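# Geometric and topological summary
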Amino acid sequence: MANLRSRVLTRLGRGYLTRLQKKPLDLSTLSFFPHSALMPLRRDGVDPVPELGVRRRREPVSKLKLPFGINVWLVTGYEESKEVLGKVEEFSNDFANLVGTSGGLSADSNPGGLGMADPPVHTRLRRLLTPEFTMRRLSRLAPRIDTIVNDRLDAMAAADGPVDLVEAFALPIPSLAICELLGVPYEDREDFQRLSMTRFDLFAGANPSLGAMSESLAYFMDVVKKQRENPGDGLLGMIIKDHGDEVGDRELAGLADGVLTGGFETTASMLALGALVLLEDREAFEKLRDDDSAVNPFVEELLRHLTVVQVAFPRFARTDLVVGGKHIAKGDVVVCSLSGANRDESMGGDMESFDPTRKSPSHLAFGYGIHRCIGAELARMELRAAYPALVRRFPSMRLHGTQADLAFRKTSVVYGVEALPVVLGG
Ligand code: HEM
């Protein structure tokens, strides 16, 4: 009887996941997890809930209790997470492994692009994007990012009364930076901003709606069509000029959508939560305001401490193997808790606290291995430009209300705060 029940549950689970696969997938896929398994996504303010650290100390690779007979492992240790993320042969990112369909997701059925693709598809797609993310190509964006940041600060200064830093600062900066990166024409920027917002229903804790996703793809299809006729010098135009005949329109629109998915919500969350950390830590605020050399270590420590992408994409074991002393079977799902790994005490002293004087903290905030964030340097550029400019322009800025009044996202893969009202001061 128990066996039959488990077989029925497994079938139900796989049916559900097959339906889920038909939707465009992104990091929020993990929301199919039942309530009890969502502990790695829960926080107290900016900190992961203490249970995460307790579990890491006891069992850095442990089993999550899930229905449907699917074995899911939670990896909370730093070295163990690195091991899983680094084992490309042993783990797949392709959901087809879970739902038992044959073949990987094609780039057409997987508009998220890189994140859920395995080599060789992943290698081919990533190779198209990589040249656009080199420091040399990105450095041309640096003056544009400074302008974007300063324009936002001017707009904030002109506002009356308290300002919501999420809406006025954290959301527009990455959205406009991605416009620059992709080469979205100026006349389309308002459409793009609106699209970015609806695409994510940001900070509402909801998954992006299918309507918004298909609108996003339709929008990018249109941009790609225009760029085919007249390629600009942004990412899309450059790919069209250099590899136009190797890549289809739908695939290119999917890559652009993947860049938006990867780069918008993540950076916006970092900007808002980082500003909150600054508002709560006067010493760090003043150091950042007065000392240029404080910026890079501050940003690196903030990336580690906040780890806004709380878990990596699920990995599917292609073979039986042992990680952290645990026997993982072929077909098992492995979820790396990046926020757990980044506070692993084996990496240094008092990893739970925020210490911007920490020397080059190692962290997995951008992941590790072949899927490591392609936009890491762009994100750093944005953060390194935005925080110092904010504290220098508004040196007396303070929270309007207290941290207890703030609403944080509850169980989303990308952690964030819904609004951050501040008084700018004289
Ligand atoms: C602070 C901001 C950011 C954080 C914390 C972040 C974090 C991450 C993480 C953890 C992964 C790996 C997920 C995994 O292995 O399962 C990833 C992948 C990715 N990120 Fe980011 N990201 C950020 C900004 C950006 C930006 C600015 C872009 C592009 C404009 C971007 C584009 C991507 C893409 C396309 C991938 C998939 C890479 C692949 O699978 O090969 N991200 N990001």
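Residues numbered from 1 in each chain as written. Predicted model: local features only at pLDDT ≥ 70, side-chain atom pairs only at ≥ 80, totals over all residues. Heavy atoms only, no water.

Turning next to the pattern of salt bridges. Under the criterion given, the structure shown has 25 salt bridges. Across the salt bridge formed by arginine 343 and aspartate 47, the nearest N and O atoms sit 2.9 Å from each other. One end of the pair, arginine 343, is in the loop between α16 (338-341) and α17 (376-393); the other, aspartate 47, is in strand β2 (residues 47-48), and 296 residues separate them in sequence. In this structure, aspartate 118 engages arginine 318 in a salt bridge whose closest nitrogen and oxygen atoms are separated by 3.6 Å. In this pair, aspartate 118 sits in the loop between α4 (96-99) and α5 (121-129) while arginine 318 sits in the loop between β7 (315-317) and β8 (321-323), placing the two residues 200 residues apart along the sequence. Overlapping salt bridges, with partners in common, bring together Asp47, Arg56, Arg57, Arg343, Glu345 and Glu352 in one network. (Salt bridge = Lys/Arg side-chain N within 4 Å of Asp/Glu carboxyl O. Helix = DSSP H or I, 4+ residues; strand = E, 2+ residues; numbered from the N terminus.)

A sheet is described by the order of its strands in space; here five strands give the open sequence β3-β4-β10-β7-β5, paired in mixed fashion. Each end of this open sheet is capped by a strand with a single partner; those strands are β3 (61-64) and β5 (91-92). With two bridges joining them, β7 and strand β10 (residues 333-336) adopt antiparallel strand pairing. Bridging from a neighbouring strand, arginine 315 pairs with valine 334 of β10. Of the strands in this sheet, β3, β4 (72-75), β5, β7 and β10 touch helix α3 (residues 78-86), which is tilted by about 125° from β10. (Pairing = 2+ DSSP bridges. Contact = heavy atoms within 4.5 Å. Axes fitted to C-alpha atoms, helices over the stretch in contact; angles between N-to-C directions.)

Next up on the list: the confidence of the model for the protein chain. Low pLDDT marks regions whose predicted coordinates should not be analysed in detail. In the predicted model, the protein chain carries a mean pLDDT of 86, and the fraction of residues at 70 or more is 84%. Below pLDDT 50 for its whole length, residues 1-30 participates in 48 contacts with residues either more than four positions away or in separate chains. Counting interchain partners and residues more than four positions distant, the pLDDT-below-50 stretch residues 202-206 has 16 contacts. (pLDDT = per-residue confidence, 0-100.)

Further remarks concern the packing of aromatic side chains. Centre distance and the angle of the planes are the two values used to describe a pair of aromatic rings. All told, the structure shown has seven aromatic pairs when counted by the stated rule. Between phenylalanine 298 and phenylalanine 354 the ring centres are 5.9 Å apart and the planes differ by 90°, which places this aromatic pair in the edge-to-face class. In this pair, phenylalanine 298 sits in helix α15 (residues 295-306) while phenylalanine 354 sits in the loop between α16 and α17, placing the two residues 56 residues apart along the sequence. Relative accessible area serves as the criterion here: at 2%, phenylalanine 298 is assigned to the buried category. You can call phenylalanine 354 buried: its relative accessible area is 16%. Through a chain of ring-to-ring contacts, three or more aromatic side chains come together here, namely Phe192, Tyr219 and Phe220. (Phe/Tyr/Trp six-rings, centres within 6.5 Å; stacked < 30°, edge-to-face > 60°. Buried < 20%, exposed > 50% of the residue type's maximum accessible area, 1.4 Å probe, protein only.)

Looking now at the site of the ligand. Not every one of the 29 residues close to the ligand is listed here, only the nearest: His122, Arg126, Arg315, His371 and Cys373. Here an oxygen atom of the ligand and a side-chain polar atom of arginine 126 are 2.7 Å apart. Take arginine 315: an N or O atom from its side chain is 2.7 Å from an oxygen atom of the ligand. Elements with a minimum of two residues in the shell around the ligand: α5, α13 (249-280) and α17. Counting residues per element, the shell around the ligand draws most heavily on α13, at six residues. (Near = heavy atom within 4 Å. Polar contact = N/O pair within 3.5 Å; in protein donor to acceptor, adjacent residues only side chain to side chain.)

Here the structure, examined in full by the defined rule, presents four cavities of 30 Å³ or more. Computed from the structure, the largest cavity encloses a volume of approximately 80 Å³. A per-class count over the lining of the largest cavity returns six nonpolar, two polar and four charged. (1 Å grid on protein atoms, 1.4 Å probe; cavity = no way out; pocket = protein on both sides within 12 Å on 5 of 7 lines; lining within 4 Å. Points joined across faces, edges and corners; volume = space filled by probe spheres on them. Nonpolar A, V, L, I, M, F, W, Y, C, P; charged D, E, K, R; others polar.)

Another point: the coordination of the iron atom of the ligand. Just one protein atom donates to the iron atom of the ligand; it is Cys373 (SG), sitting 2.3 Å from the metal. Here cysteine 373 is to be found in the loop between α16 and α17. (Donors = N, O, S within 2.8 Å, 3.2 Å for Na, K, Ca; no water.)

Let us look at the sheet that holds strand β12 (residues 421-423). Judged by pairing direction, the sheet is antiparallel, and its three strands sit side by side in the order β6-β12-β11 without closing on themselves. In this open sheet, the two strands that pair with only one neighbour each are β6 (163-164) and β11 (398-399). The pairing of β6 with β12 spans two bridges and is antiparallel. In the strand pairing of β12, aspartate 164 is matched with proline 421.

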